[in-house]
Amino acid sequence: MKMPELKKKKKKSRKVVMVNQLARSKDEKEIILDDPTSNLPSSDNPYTKMQKLYYEEAAATGDGIIVDNVVGSFDGHNKWWDYEFLFARLGGADLKTCRVLDFACGPGRNIVKYKDKFLAVDGVDISENNIKNAMEYLKKNDITTSNLYTCDGVSLEAIPDSQYNIVMSTVALQHICVHDIRQSYFEEFYRVLKDGGAVCFQMGFGSPSISTVNYYDNFYDAPATNRAYDVEVSHPFQLKKSLEEAGFKYFNYIIGPTGPGDSHPYWIYVNAIKTDQ
Ligand SMILES: C[S@@+](CC[C@H](N)C(=O)[O-])C[C@H]1O[C@@H](n2cnc3c(N)ncnc32)[C@H](O)[C@@H]1O
């Protein structure tokens, strides 16, 4: 009998494009000179109002069972191995003892995904409907240890200082095309972290990048969000500088391939530490 020809399985490449190469690039001077002083924003601005409306409407159809109305490629994100890069460079910290805040948690995808990795994962999001959906999704997954907060779109005012070992975030900061709002959040991440805590987040990376706004722009009049008018991170130093301005130290990053449903050229996974040392 003739055996059927076995199809060769294509090996998926998991390429780390760049790891913490902080060598001086010729663009660096320009990028740093480009950096304006940040004005911390109030939530009463057209961008935040537009974002809130967008996410409330998008999340209105969720019920803890239908959870893909806001995230997009929900299962693809859950399977995306590279998110391990977020926590891979924390110096062997015992993650099981860590209390984590997931910034822009949406319907709670990361809270459920990482429920056994950490001591507990709390969530905060601009949208009340997302938080309602997250409550249902957590209930369905028997999670009772998480606190969920809504925020005003520019700060984490409901969350007290020095609460967390880790503040994490995925597919969210890249959607905020107002430099001053991102900077306000970086300062808030610093405030809510305990001493020695780490910020660990992912963003789109690379230049040129379609439908994106310059890193230092404050595009308060952007007519849409969530992939329309994302921010373009064109050099890791932009994030390093922003995080250092917020007080963080020991910045490092990994650049890898673009994750599910996204159109930035690459993704960047960033860590930095809140410490006096
Ligand atoms: C694409 S979803 C990602 C949800 C979740 N992080 C995940 O990875 O599954 C983007 C999320 O960011 C939230 N978000 C966007 N802008 C925000 C802001 N300014 N403040 C707080 N949350 C925001 C949205 O409500 C939405 O839940």
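Because the structure is a prediction, the values reported are computed rather than measured. In this numbering scheme, every chain counts its residues from 1 along its sequence in written order. Where local features are concerned, this predicted model is filtered to residues with pLDDT of at least 70; where side-chain atom pairs are given and counted, the filter is 80 or more; whole-chain, interface and lining totals use all residues.

So, the overall build of the chain
Along its length, the chain carries seven helices and ten strands. At a minimum sequence separation of 6, the contacts of the chain that also span at least 24 residues come to 73%. Put simply, DSSP marks the helices as runs of H or I at least four residues long and the strands as runs of E at least two long, and each gets a number from the N terminus on. Our contact criterion uses C-beta atoms placed from the backbone: two residues qualify when those atoms are within 7 Å.

Quick look at the site of the ligand
Any residue whose backbone-placed C-beta atom lies within 6 Å of a molecule or strand is treated as near that molecule or strand. As a matter of local geometry, the ligand sits amid 22 residues, with Tyr 55, Ala 104, Gly 106, Arg 109 and Ile 126 nearest to it. Looking at the shell around the ligand, the elements that each hand over two or more residues are helix 2 (46–59) and helix 4 (109–113). Of the residues in the shell around the ligand, the class split is ten nonpolar, ten polar and two charged. For this classification, Asp, Glu, Lys and Arg are treated as charged, while Ala, Val, Leu, Ile, Met, Phe, Trp, Tyr, Cys and Pro are nonpolar and the rest, including Gly, are polar.

Notes on the packing of helix 2 against helix 5 (residues 128–140)
Here the axes come from fitting lines to C-alpha atoms, over the contacting stretch only for helices, and the angles between their N-to-C directions go from 0 to 180 degrees. Packing of helix 2 against helix 5 brings their axes to within 7 Å, and their N-to-C directions diverge by 35°. Judged by residue contacts, Tyr 55, Glu 56 and Ala 59 of helix 2 engage Glu 128, Asn 129, Asn 130 and Asn 133 from helix 5. Of the residues assigned to the contact of helix 2 with helix 5, the class counts are two nonpolar, three polar and two charged.

Thoughts on the environment of Leu 138
Here Leu 138 lies in helix 5. For the pair Leu 138 and Val 112, spaced 26 residues apart in sequence, the C-alpha separation works out to 6.7 Å. Apart from residues no more than four positions distant in its own chain, Leu 138 is found in contact with Gly 108, Ile 111, Val 112, Ile 143 and Ser 146.

Quick look at helix 7 (residues 236–245)
Turn by turn, an α-helix covers 3.6 residues, leaving residues three or four places apart pointing in a common direction. Our exposure labels follow a C-beta count within 10 Å of each residue's own C-beta, placed from the backbone: buried means 20 or more other C-beta atoms, exposed means 12 or fewer, and partly exposed covers the counts in between. The buried count for helix 7 comes to seven of ten residues, which makes it a mostly enclosed element. Within helix 7 the residues assigned to the buried category are Pro 236, Phe 237, Gln 238, Leu 239, Lys 240, Ser 242 and Leu 243. Looking one or two residues past helix 7, Gly 247 carries a phi angle of roughly 115°, positive in sign.

Some remarks on the packing of helix 6 (residues 179–192) against helix 7
At a minimum axis separation of 8 Å, helix 6 and helix 7 run at an interaxial angle of 55°. Taken together, the axis directions place helix 6 and helix 7 in an arrangement best described as oblique. Considering only the axes of helix 6 and helix 7, their crossing is right-handed. Two secondary-structure elements touch here, helix 6 through Arg 182, Gln 183 and Phe 186 and helix 7 through Ser 242, Leu 243 and Glu 245. Here roughly perpendicular refers to angles of 65 to 115 degrees, roughly parallel to angles under 35, roughly antiparallel to angles over 145, and oblique to all remaining angles. Crossing handedness is defined as follows: a turn of the near helix away from the far one that is anticlockwise and smaller than a right angle gives a left-handed crossing, while the clockwise case is right-handed.

Re the pairing of strand 6 (residues 193–205)
When you tally the buried positions in strand 6, you get ten out of 13 residues, the bulk of the element. At least two bridges found by DSSP between two strands are what make those strands a pair. Pairing geometry for strand 5 (residues 164–169) and strand 6, over five bridges, is parallel. Across the sheet, the residue bridging to Val 167 is Val 199, located in strand 6. Note on handedness: a clockwise path from strand one over the helix to strand two, with the strands aimed away from the viewer, defines a right-handed crossover. Handedness of the crossover joining strand 5 and strand 6 through helix 6 is recorded here as right-handed.

Concerning the environment of Thr 170
In this structure, Thr 170 sits in the loop between strand 5 and helix 6. Here Thr 170 falls in the buried class, since 26 other C-beta atoms lie within 10 Å of it. It is 9.2 Å that separates the C-alpha atoms of Thr 170 and Tyr 269, two residues lying 99 residues apart in sequence. If we skip the residues at most four places from it in the chain, Thr 170 touches Tyr 83, Asn 110 and Gln 202.

Quick look at unusual backbone geometry
A cis amide bond, omega -5°, links Ser 207 with the succeeding residue Pro 208. As for its position among the elements, Pro 208 is in the loop between strand 6 and strand 7 (212–214). Despite not being glycine, Asn 226 has its phi angle at roughly 60°, a positive value. By secondary structure assignment, the location of Asn 226 is in the loop between strand 7 and strand 8 (230–232). A positive phi angle, close to 55°, is found at Tyr 250, a residue other than glycine. Its location among the elements puts Tyr 250 in strand 9 (residues 249–256).

Focus: the confidence of the model for the chain
Predictor confidence is given residue by residue as pLDDT, running from a minimum of 0 to a maximum of 100. Per-residue pLDDT for the chain has a mean of 89; in total, 84% of the residues score no lower than 70. Note that pLDDT drops below 50 for residues 1–12; the model gives that stretch zero contacts with residues more than four away or on any other chain. Throughout residues 22–26 the model reports pLDDT below 50, and contacts reaching past four residues in sequence, or to other chains, amount to one contact.

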